[in-house]
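For reference, the chains in residue letters:
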Amino acid sequence: MALSFAVDAFAVATSTAIATPAFRKRDALKIGAWFGAFQFVMPLLGWLLATGMSQYIEAFDHFIAFGLLAFIGGKMVWGSFDKTCETGSADLSARRLCLLAIATSIDAMAGGVSIAIDSAAGRFDITTRPYIDIMLACCVIGVVAFALSYVGGVLGKRLGCLFQKRAELVGGLVLIAIGLKILIEHLFF
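Residues numbered from 1 in each chain as written. Predicted model: local features only at pLDDT ≥ 70, side-chain atom pairs only at ≥ 80, totals over all residues. Heavy atoms only, no water.

Asker: For this particular structure, what's the right way to read the state of the cysteines?
Answerer: Note: disulfide means a covalent bond formed between the sulfur atoms of two cysteine side chains. This structure, assessed with the given rule, holds 0 disulfides. Of all cysteine sulfurs, the one in Cys139 lies closest to Cys138, which takes part in no disulfide; the gap is 7.2 Å. By relative accessible area, Cys138 is classed as buried at 0%. (Disulfide = S-S within 2.5 Å. Buried < 20%, exposed > 50% of the residue type's maximum accessible area, 1.4 Å probe, protein only.)

Here you go:
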C-alpha cells in the first residue's frame, strides 16, 4: 500500500526537480519532507473521518487531485513557453509544495478510509490495538513516501541537466498526466 501511494509522489518530485533550475539535494529533502508528512497525515485523517463520511470522500477525491495537478502542471506548461532556461532560484515555496503534497496524498486519505472500512468489516483485526496499528501503517506510508520523493528529486536533478530547455514543459505535462491517471483510475476502475 505504501509503495502504491508513493509512486505519484516520486513522479511529481522527479518532474519538479527536472523543471526547477538550480535544484539541490537540500530541495530534494524539502520535497521528501513535505510529501512524507502529508502521506503520513492523510491516511490517519481518512481513517478518522471514515466513520460516517467515507462515501463522500471517495466520491470526489480524484477530482481534487486531478484539479490541483492539472492547475500546477498547466502553469508549468504555460511558463515553459514564456521564458528561456533560467539559472535562478527554484519555485519551491511552501504554498506550491503544500498543493503538490495534498494532490499526491489524497489517495492515501482514501486508503485510510479503506483501512477503517476493512477493519470494521473484519478483514483486519485491529480491534485490540486500533490506534497503534493505524499509526504504524501511517509511519510506514510516510517513510516510504519520503524516501521515494527524495530519490525522485535527486533523479530529476540529474535528468534536468539533460533536458534543461524544455524541462518545465515536460514537468508540467507529467503532472497533468498523473492527474489524468488518478481521475481515470477512479472513474473507470
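That shown, we press on.
Asker: What is the right way to look at the packing of aromatic side chains in this model?
Answerer: Aromatic ring pairs are described here by two measures, namely the spacing of the ring centres and the angle between the planes. In the structure shown here, the tally under the stated rule is 1 aromatic pair. Arranged with centres 6.0 Å apart and planes meeting at 15°, the rings of Trp34 and Phe38 form a pair that is stacked. A residue pair is termed a helical-turn pair when its members lie 3 or 4 positions apart in one helix, as Trp34 and Phe38 do in helix H2 (residues 25-82) at 4 residues. Given a relative accessible area of 24%, Trp34 falls into the partly exposed group. (Phe/Tyr/Trp six-rings, centres within 6.5 Å; stacked < 30°, edge-to-face > 60°. Helix = DSSP H or I, 4+ residues; strand = E, 2+ residues; numbered from the N terminus.)

Asker: Just to check I follow, could you spell out a nonpolar patch on the surface for this structure?
Answerer: A cluster of nonpolar residues, Phe60, Phe63, Ile64, Leu180, Ile184, Leu187, Phe188 and Phe189, forms a patch on the protein surface that exposes about 860 Å² of accessible area. Broken down by secondary-structure element, the contributors of at least two residues to the nonpolar patch are H2 and helix H5 (167-188). For Leu187, a relative accessible area of 44% translates into the label partly exposed. (Patch = residues over 30% accessible without salt bridge, like charges linked within 9 Å, V, L, I, M, F, W, Y side chains within 5 Å. Areas by Shrake-Rupley, 256 points an atom, 1.4 Å probe, with all protein chains shown as cover. Salt bridge = Lys/Arg side-chain N within 4 Å of Asp/Glu carboxyl O.)

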